[in-house]
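Breakdown of the fold
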Amino acid sequence: MAEKLTTRATDYSKWYNELVINADLAEHSAVRGCMVIKPYGFAIWEKMRDALDKMFKDTGHQNAYFPLFVPRSFLEKEEGHAEGFAKECAVVTHYRLKVNPDEKGKLMVDSESKLEEELIVRPTSEAIIWNTYKGWIQSYRDLPILINQWANVVRWEMRTRLFLRTAEFLWQEGHTAHSTAQEAIAETKQMLEVYADFAERFMAMPVIKGSKSESERFAGALDTMCIEALMQDGKALQAGTSHFLGQNFAKAFDVKFTSKEGVLDYVWATSWGVSTRLMGALIMTHSDDQGLRLPPMLAPIHVVIVPIYKGEEQLAMISEKIQPLMSELRAKGITVKYDNDDTKRSGWKFAEYELKGVPVRVAIGPKDMENGTIEIARRDNGTKQTIPMAGAAELIQHLLDEIQKNLFDQALAHRDSHITEVNTY
RNA sequence: CGGGGUGUAGCGUAGCCCGGUAUCGCGUCUGCUUUGGGAGCAGAAGGUCGUAGGUUCGAAUCCUGCCACCCCGACCA
């Protein structure tokens, strides 16, 4: 635990891997290419998810859930889509196991249970969703349909990295249906704006919005728009995509509607998504050689309070003295952790919470008890100051806002100083 | 999926070339002393050497298959 991280300058990839593991965000599982997201990492993802979910609902979307399995024939229907995903699909061919008669205690696939048609574990849900929409849409009065789903998907990647590319990942996928191309295009752009807004306001991560070239476009889309952010190693990372699907899926699944004018036409579609890759983007945008630096808007713990004491009696006094401040902070919606774990020393805790990116640390010891003060340390710039306990809650609240802004400003300055114009690609 | 590398206690490692069941550090446990930046001393526990075969009197060590992870490349959110 006491070891230092590999520095970014030494080996950026190694630094990233060690950081994800040491900060307790995730670990490799026993299953190839699949990770375990640990409680601290999942808490950050939950904050992202909750913020995005609210933004989707504020723009008129509803959540729903579609099956994990997609019949092969559905996936085949949109040609470009089928070809694009074919080589990274997990396929279910049987529905039953049986005890191996030749080897006691072992299981084997029951060859009697072969499926008539293979089921594909969804790499994305356009196929199953558009097959469903066919039954929901007859008239322009049924449109638009604005649906989002939070789900896991599987893309059988050969080379994986925690959060950035795993065989199974968590994401959200929006799937909307519209009566006009203009409306669908407007939806595509709107959701790209939502992603950009989320990245900048919550993740403190400046992004560039753009359109993908034909070769990088989503399989089955007419236009793929994306947000990309610049990581500290100078590489851009795609952080979210929003697709204008035209009438490709409506035609493939025969989804037509009667317009106000009585004309029968195919429905216009969009889809858009962000995944747990955002975790990777968050880590690589802000963190330093000491560990994570989390923007307060997404930090599971805003403020950690570390008591410095000798003996149980002194700890009890500090614990009592700190209560009003904790209550005040919590009343302001600030998440506070009071770490009175007696088995760890204060110095160890300081290093640990820096590794985990907690934005503000408060330390209180005997000297503070005498003076009515506390020590406040900022994770973003490492500065420390001793301030009176009275009024500390307001100061911390402002400090959190300042840290959020500072992280964004630093990331923006880094990005802007690394932009180069290119005309060939 | 192509090329390269690694797998030994919870973690990081020595030993492997030249076969004789295993080294060190961190962590863990117990006790005492400590506590304003990853504590000190003393003692203790913990290992089917990734996995399955093969060679051998004997395999962490040699051979083969498989699995996992890391790095580089192609592909992708």
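This text gives an overview of the structure that appears in the document. (Residues numbered from 1 in each chain as written. Chains lettered and ligands numbered in written order. Predicted model: local features only at pLDDT ≥ 70, side-chain atom pairs only at ≥ 80, totals over all residues. Heavy atoms only, no water.)

1. Quick notes on the protein's contact with RNA strand B
Taken together, 40 residues lie near RNA strand B, and Arg32, Gln238, Glu354, Lys367 and Asp368 sit nearest. Of all RNA strand B atoms lying within 4 Å of any protein atom, the proportion belonging to sugar or phosphate reaches 41%. Between RNA strand B and the protein, one listed contact pairs a base oxygen with a side-chain N or O atom of Arg345 at 2.9 Å. Pro366 is positioned such that a nitrogen or oxygen atom in its backbone is 3.2 Å from a base oxygen of RNA strand B. Listed by contribution, the elements that provide at least two residues to the surface near RNA strand B are helix H1 (12-22), helix H10 (346-355), strand E19 (360-364) and helix H11 (366-371). Looking at side-chain class alone, the surface near RNA strand B contains 12 nonpolar, 12 polar and 16 charged residues. (Near = heavy atom within 4 Å. Polar contact = N/O pair within 3.5 Å; in protein donor to acceptor, adjacent residues only side chain to side chain. Helix = DSSP H or I, 4+ residues; strand = E, 2+ residues; numbered from the N terminus. Nonpolar A, V, L, I, M, F, W, Y, C, P; charged D, E, K, R; others polar.)

2. Notes on the packing of helix H2 (residues 39-58) against helix H6 (residues 181-201)
Geometrically, a packed helix pair is captured by the angle between its two axes and the distance between the axes. For the pair H2 and H6, the least separation of the axes is 11 Å and the interaxial angle reads 145°. Crossing handedness for the pair H2 and H6: right-handed. Contact residues: Met48, Ala51, Leu52, Met55 and Phe56 in H2; Met191, Val194, Tyr195, Asp197, Phe198 and Arg201 in H6. (Axes fitted to C-alpha atoms, helices over the stretch in contact; angles between N-to-C directions. Left-handed = near helix turned anticlockwise from the far one by under 90°. Contact = heavy atoms within 4.5 Å.)

3. A look at the layout of surface pockets
Of the volumes computed, that of the largest pocket is approximately 860 Å³. What lines the largest pocket is a set of 34 residues, among which Arg155, Phe169, Gln238, Thr241 and Arg277 lie closest to the centre. Contributing elements (two or more residues each) for the lining of the largest pocket: helix H4 (79-86), strand E10 (168-178), strand E13 (236-246) and strand E16 (268-275). In the lining of the largest pocket, the residues fall into 10 nonpolar, 14 polar and 10 charged. The volume enclosed by the second largest pocket comes to roughly 550 Å³. Residue lining of the second largest pocket: 16 residues in total, with Ile208, Glu228, Ala236, Thr420 and Val422 positioned closest to the centre. (1 Å grid on protein atoms, 1.4 Å probe; cavity = no way out; pocket = protein on both sides within 12 Å on 5 of 7 lines; lining within 4 Å. Points joined across faces, edges and corners; volume = space filled by probe spheres on them.)

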